[in-house]
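Here's the letter readout for the chains.
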Amino acid sequence: MKKLGLLPRLIIAIILGIIIGLIGAKVDALSVLVRILKTFNGLFGNFLNFVIPLLIMGFVIPGIADLGTEAGKLLAITAGIAYLSQVIFGSITFLIQSLLLPNFIKVGSINFDPEANAGKALKPFFESPMDPVFSVTTALIISFIFGVGIAAVQGETLKKAVHEFSAIIEKLISNIVIPLLPIHICGIFASMAYEGTVATVLSVFSIVFIIVIILHWATITTQFSVASAIAGGDPFSKIKNIFPAYMTAVGTQSSAATIPVTLKQTYKIGVNKGIADFVIPLCATIHLSGSTITLTSCSMAILMLKGEPVTFASYFPFILMLGVTMVAAPGVPGGAVMAALGILQSMLGFTEPMTALIIALYVAQDSFGTACNISGDAGIACLVNKISGFKLDPEANAQYITE
């Protein structure tokens, strides 16, 4: 099991959870398995709530601090385009999903409030509250103050300290949170199967998954069409060139791990080597348009299932904040959804079962979201290349391209 990737482990966990929940609902003696998993879910969920403010600080502070020390104007241009891309495609996703989702989601069909399901839900054996040191909002404010402050005063000592703190948080996620996620997801689906709501969730999110993949491809096509209109060339030849990087991202689920391939394919498109060497690694960290599309789509579907009103006026601030949060998200499998947990709770009111569900749904498509992210990075590189006064010239990069 340890040798399997995160996605196969989650799929196995979902299947096992459904089986345990269905059997437990029919055989009282086996319902104890559901209670054991529910007890673990309570403990893990409380631990996750405790960690979220620390996670926000661990990602956001060094992310903002680093942005303030890069190459001035070029950084501002790249970061501005990346942020604008995420906000635009997040907003487009909202508008499209607001038209599509109501056609196959029965609004209010699932109540994620444990108290509402008390009559048919099993209780955990015990609970252990873990109150966070401070709220998500406090963590965000502290992160912005320290991030901007470190960048402004160029505080190398503090910068080193927050990077070490960030490394601790990343180890916490990679060595504790991510390995325990399959058990948590297993428990969530076991509870849903026991309570009779799992069929609704699976039917809805199989359709959401398909729509998200289509939106990813439409986004890639749009990004390269805009890049071609401004920087020149054919959008489909650019897409063909970036396809090896796309497939590498599908396999690795990591923007960071795909950087070497993305760079090579961006050279082939004809972006100046200096521009590509700056933009691609930077965008692997700050440009997550595919992740924004997925998080917007899945969160909308969950809120509709719960029966919460979903309006653009209430969602646009979330999309704006999500764009900032994606800048701080680590380029590792599941990094974007972990970074977004704070604003999902503080701005959209996500409860622990809703949080667990969106983690499972996000990770299930993470390969394709990452592939969309890195494809868009090459499109941004074309735009920055044009703004910097260069023309796309694949022949100039011939010496840097090794087959």
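Below: a short report on this structure. (Residues numbered from 1 in each chain as written. Predicted model: local features only at pLDDT ≥ 70, side-chain atom pairs only at ≥ 80, totals over all residues. Heavy atoms only, no water.)

### Considerations on the overall build of the chain
Note the following rule: Labels follow the DSSP assignment, with helices taken as runs of H or I lasting at least four residues and strands as runs of E lasting at least two, numbered in each case from the N terminus. Atoms counted for the radius of gyration: C-alpha only. Globule rule: 2.2 Å times residue count to the power 0.38. Burial classes: relative accessible area under 20% of the type maximum marks a residue as buried, over 50% as exposed, and values in between as partly exposed (1.4 Å probe, protein chains only). Throughout, a contact is declared for two residues whenever any of their heavy atoms are within 4.5 Å. The method behind every accessible area is Shrake-Rupley, applied with a 1.4 Å probe, and residues are considered shielded solely by the protein chains displayed.
Helix and strand counts for the chain stand at 14 helices and zero strands. Ordering the α and β elements of the chain from the N terminus gives α-α-α-α-α-α-α-α-α-α-α-α-α-α. Against the compact-globule benchmark of 22 Å for 403 residues, the chain has a radius of gyration of 22 Å, which places it among compact chains. Summarising its shape, the C-alpha atoms of the chain cover approximately 70 × 45 × 45 Å along the three principal directions. The 403 residues of the chain split such that 52% are buried. For the chain, contacts bridging at least 24 residues in sequence account for 85% of all contacts bridging at least 6. Surface exposure of the chain reaches about 16,900 Å², of which carbon and sulfur atoms provide 68%.

### Brief notes about the nonpolar core
Quick reminder of the rule: Take the buried Ala, Val, Leu, Ile, Met, Phe, Trp, Tyr and Cys residues and link them wherever side-chain atoms come within 4.5 Å; each set so joined is a nonpolar core.
Within the largest apolar cluster, 75 residues are counted, with the highest numbers of intra-cluster contacts made by F189, F205, Y315 and M338. With sequence-adjacent residues up to four places away left out, M338 is seen in contact with L48, L55, I173, V177 and I359. A231, I239, V250 and I275 belong to the second largest nonpolar core, which has 38 residues in total.

### Structural notes on the packing of helix α9 (residues 273-286) against helix α14 (residues 366-387)
The criterion, for reference: Comment: axis = line fitted to C-alpha atoms, over the contacting stretch for helices; angle = value between 0 and 180 degrees taken between N-to-C directions. Oblique is the label for every angle not falling under 35 degrees (roughly parallel), over 145 degrees (roughly antiparallel), or within 65 to 115 degrees (roughly perpendicular). Crossing handedness is read from the near helix: turned anticlockwise from the far helix by less than a right angle, it gives a left-handed crossing, and turned clockwise, a right-handed one. Under the convention adopted here, Pro, Cys and the residues Ala, Val, Leu, Ile, Met, Phe, Trp and Tyr are nonpolar, Asp, Glu, Lys and Arg are charged, and Gly plus all remaining residues are polar.
Axis separation between α9 and α14 bottoms out at 9 Å; the angle between their running directions is 140°. The orientation of α9 relative to α14 falls into the category oblique. In this structure, α9 crosses over α14, and the sense of that crossing is right-handed. Here I275, V279, I280, C283 and A284 of α9 come into contact with α14, specifically with D377, A378, I380, A381, V384 and N385. Tallied by class, residues from the contact of α9 with α14 come to nine nonpolar, one polar and one charged.

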